[in-house]
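What the coordinates show
What follows is each chain in one-letter form.
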Amino acid sequence: MTSALVHTAAAGFLLPGLLLFGGTLPPSPAAGVSLAGGLTGNSTPAPDAPDEDADEEGGQDNAVQEGDAQVETLQESLPETADETAQIEVDASAAVVVGVTWESPADDGEELEVEIRTRIDGQWGPWEEMHFADSGPDPDSEEHRTARPATEAYNVSGAEAVEIREAGSAPGEVAGQVTVSQTEITETDRAVTEGTGLNALIQDGLVAEAEDVDALTVNAPRIITRAGWGANESLRRCDPDISSQAPLGVTIHHTAGSNTYTEAAVPGILRGILNHHTQGNGWCDVGYNFLVDRFGNVYEGRSGGINEPVIGAHAGGFNARTVGVSVLGTFTSSAPVAARNAVARIAAWKADQFGMDPTGQVTITSNGSTRYPSGQEVRLPTIFGHRDVSTTECPGNAFYPQLGSIRTAAAQILQDERYPVVGAIRNYLNANAQARAKLGAPVEAERRLPDGGAVQTFQGGSVHWTQATGAYGTWGGIRNRWRDLSWERGPLGYPTSNERCGLKDGGCVQDFQGGSIHWKQGVGAHPTWGGIRNKWRDVGWENSNLGYPVRAEICGLRGNGCYQRFEGGDIHWSPSTGAHPTWGGIRTAWGSQGYEGGRLGYPTSDEYVRDGRTWQDFQGGRISWRSGQGTQIHYN
């Protein structure tokens, strides 16, 4: 049995409400660049599906107007034995989609086995399986009641003819119906995908403004809307179903058929998929929320609003809590980079919109799928493949292993655009591997400080900047101590260096405008500043008898003095005496008579050696020490 489908030419058309771009994944739109069409959840009730009139040969041949582009359909019965085929001539210059459906109930459960081959340049290719569409509406939905068993919508664009045969039993032994949807590739299809006239469309008001798009801080991808790819809205069988709950995850799919389609053919392919999903599968609309071609272009799928949690028919049992994204093609051996980037961009946008973690996991309760019974809680990655919830190879053995990198890329987009790192802070991080490793990802946007400085907080710390100091990061114990001292508003001011480690006993130090903070395991982080810090520097920092500071400077002593305790002694300072350290036996003797509160008062010199003894002078006298004799106090 052989039938011919005759293609009717269609004039070019210009559709309102579309956004144009082309090539590989484009950059996300800047402020003022926006998405067109489908921006709210308000929908017009779908008209009834058009009547289909039988043709003279027993098939059904229809021309459905989509703007100025016609989608022609031909239906023929599928022979019930493998030695008979349905062979259909098609236009190699058109966008062509083929599918097979059965009238049996959607839950019949029997295996569907159909094979297809195409003729290109006069040569027939090998027979390939037309996979059963292991997707569809959730079992408890109204849409499921009208759904029919069907194959995937198989793209055969570029072929001259297709041949289909039955390779196994059909549900209920009811003959299948082969449906071919064919549409001319128009000038508008080329303009939409190549980006011709984008500025003119924006200036003419044919693209919605940015404020209409529900993108928080992550830019939505540029999306060719249903109007842009020429969706025939009269094919929709019911109104969009908007979930009352936010999506928990993103399901990744591929479609079926050729991967060698041209960019300009994609709008026509989508028109064919719409025809198959509604008139063949019996679904309300296109099953997927978004579709992506191999060139990285993104298309609006199911109607209802690109910002809304529209319930699709892409992963039966898991539709209500997921966003369905399908890549056009069959990806068993390769996964185009542009398509992967576009999928990551959609996932990041939706993750930002609905509070999802692209690299995290979620628990979704199955509503009944071919893999999980209704009511079973399933732990899944936030971004997962269709095969994770259904018995299918989707999204293909080449695309599925790329989901890990897609998750990482989506998280990176989320990080970069939700909390962008720019200017001097970005330059600092780019030049400082240690800081990048310590700080991790940003958790807030850069903030301006009252004194003209700036700060950005990261997972592991923060980076502060001023015109005078430049940008430096702080983390760990030193940062915590600086925080306790009121950050840049405290006595230390802003950091003026990176943290430097490898000091004595494994210690670290960081310099600030007003001093420094030293850290050592077991001692912690403590600041030094002013005269006491200068004296500690003069005696050799942590390498001296004093070692590391064990507390911050304490003031309010006699005569407005201050002191700071170190591992091996103290440094005391007063306005009249300056700063001097004490340690060992002399410090012990001074302490026994009351430190600066005693008769000796403050030290007025550091230790010095004379006549074989070690001396230190005080306001009220001197203390001497000799090995084997100990200390003596000499009052004035």
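The shown structure was predicted, so the numbers you read here are calculated from the model rather than taken from an experiment.

Okay, the sheet that holds strand S14 (residues 290-292) next. Strands sit in the order S12-S15-S14-S16-S13-S19 across an open sheet of six strands; the sheet is mixed. Unpaired on one side and paired on the other, strand S12 (223-224) and strand S19 (383-385) mark the two borders of the sheet.

Attention now goes to the environment of glycine 122. Looking at where glycine 122 falls in the secondary structure, it is placed in the loop between strand S6 (114-120) and strand S7 (123-124). Residues glycine 122 and alanine 159, 37 residues apart in the sequence, show an inter-C-alpha distance of 9.4 Å.

Strand order across the open sheet formed by four strands is S28-S29-S30-S31, with antiparallel pairing between neighbours. Of all strands in the sheet, those with a lone pairing partner are strand S28 (554-555) and strand S31 (578-583), marking the two edges. Bridge analysis of S28 against strand S29 (residues 562-566) gives two bridges, and the strand direction is antiparallel. Opposite cysteine 555, over in S29, you have cysteine 562 as the bridge partner. Along the sheet, helix H11 (residues 530-539) contacts S29, strand S30 (569-574) and S31; its crossing angle with S31, the most-contacted strand, is approximately 55 degrees. On top of the sheet, helix H12 (residues 584-592) reaches S29, S30 and S31; it is set at about 105 degrees to S31, its chief contact.

Further remarks concern the pattern of salt bridges. Counting across every chain of the model gives 24 salt bridges. Between arginine 119 and glutamate 89 there is a salt bridge, with its nearest N and O atoms 2.9 Å apart. You can see arginine 119 sitting in strand S6 and its partner glutamate 89 sitting in strand S4 (residues 86-89), a full 30 residues away along the chain. Its relative accessible area of 17% is what places arginine 119 among the buried residues. Using a relative accessible area of 25% as the deciding quantity, one classes glutamate 89 as partly exposed. Residue arginine 271 is joined to aspartate 189 by a salt bridge in which the shortest nitrogen-to-oxygen separation is 2.9 Å. Residue arginine 271 is located in helix H5 (residues 266-280), and its partner aspartate 189 is located in helix H2 (residues 187-194); the two are separated by 82 residues in the primary sequence.

Here we come to the side chain of asparagine 232. On the secondary structure map, asparagine 232 appears in the loop between helix H4 (226-229) and strand S13 (249-254). One polar contact links asparagine 232 to serine 234, side chain to side chain, over a distance of 2.6 Å.

This part is about the pairing of strand S5 (residues 95-101). Consecutive residues of a regular strand have side chains that alternate between opposite faces of the sheet. Taking burial as the measure, the seven residues of S5 include seven buried ones, the bulk of the element. Judged by which residues are buried, S5 turns out to be covered on both faces: Ala95, Val97, Gly99 and Thr101 on one side and Val96, Val98 and Val100 on the other are all buried. Pairing geometry for S5 and strand S9 (residues 154-155), over two bridges, is antiparallel. In the sheet register, valine 98 faces S9, and the bridge partner there is tyrosine 154.

Counting residues in hydrophobic clusters, the biggest one holds 32 residues, and the most contacted among them are Ile252, Phe290, Val292, Val325, Val343 and Phe399. Taken together, the elements giving at least two residues each to this core come down to S13, S14, strand S16 (322-327), helix H6 (337-354) and helix H7 (403-418). Ranked by residue count, the leading element in this core is H6, at 10 residues. Those residues in contact with valine 325 that lie beyond four places of it in its chain are Val250, Thr251, Ile252, His253, Phe290, Val292, Val343 and Ile346.

The N-to-C vectors of H6 and H7 enclose an angle of 55 degrees; their axes lie 8 Å apart at closest approach. In terms of their interaxial angle, H6 and H7 are classed as oblique. Crossing handedness for the pair H6 and H7: right-handed. Residues Arg340, Val343, Ala344, Arg345, Ala347, Ala348, Ala351 and Asp352 of H6 form the contact with H7, whose participating residues are Ile406, Ala409, Ala410, Ile413, Leu414, Glu417 and Arg418. Considered class by class, the residues forming the contact of H6 with H7 number 10 nonpolar, no polar and five charged.

With that out of the way, let us pick up the confidence of the model for the protein. Of the residues in the protein, 83% have a pLDDT of 70 or more, and the chain-wide mean is 84. The low-confidence segment residues 1-67, where pLDDT is below 50, has 217 contacts with residues more than four positions distant or belonging to other chains. The low-confidence segment residues 200-213, where pLDDT is below 50, has 30 contacts with residues more than four positions distant or belonging to other chains.

Here we come to helix H10 (residues 476-484). Turning to H10, its buried residues are Ile478, Arg479, Arg481 and Trp482. The buried residues of H10 occupy one face: seen down the axis, they fall within an arc of 160 degrees. Tucked inside the fold, the buried residues of H10 contact strand S21 (454-458), strand S22 (461-466), strand S23 (470-475), strand S25 (508-512), strand S26 (515-520) and strand S27 (524-529). Two residues or fewer past H10, serine 486 is found with a positive phi of approximately 75 degrees.

Rules and cut-offs
Residues numbered from 1 in each chain as written. Predicted model: local features only at pLDDT ≥ 70, side-chain atom pairs only at ≥ 80, totals over all residues. Heavy atoms only, no water. Pairing = 2+ DSSP bridges. Helix = DSSP H or I, 4+ residues; strand = E, 2+ residues; numbered from the N terminus. Contact = heavy atoms within 4.5 Å. Axes fitted to C-alpha atoms, helices over the stretch in contact; angles between N-to-C directions. Salt bridge = Lys/Arg side-chain N within 4 Å of Asp/Glu carboxyl O. Buried < 20%, exposed > 50% of the residue type's maximum accessible area, 1.4 Å probe, protein only. Polar contact = N/O pair within 3.5 Å; in protein donor to acceptor, adjacent residues only side chain to side chain. Core = buried A, V, L, I, M, F, W, Y, C linked by side-chain atoms within 4.5 Å. Parallel < 35°, antiparallel > 145°, perpendicular 65-115°, else oblique. Left-handed = near helix turned anticlockwise from the far one by under 90°. Nonpolar A, V, L, I, M, F, W, Y, C, P; charged D, E, K, R; others polar. pLDDT = per-residue confidence, 0-100. Arc of directions from axis to C-beta.

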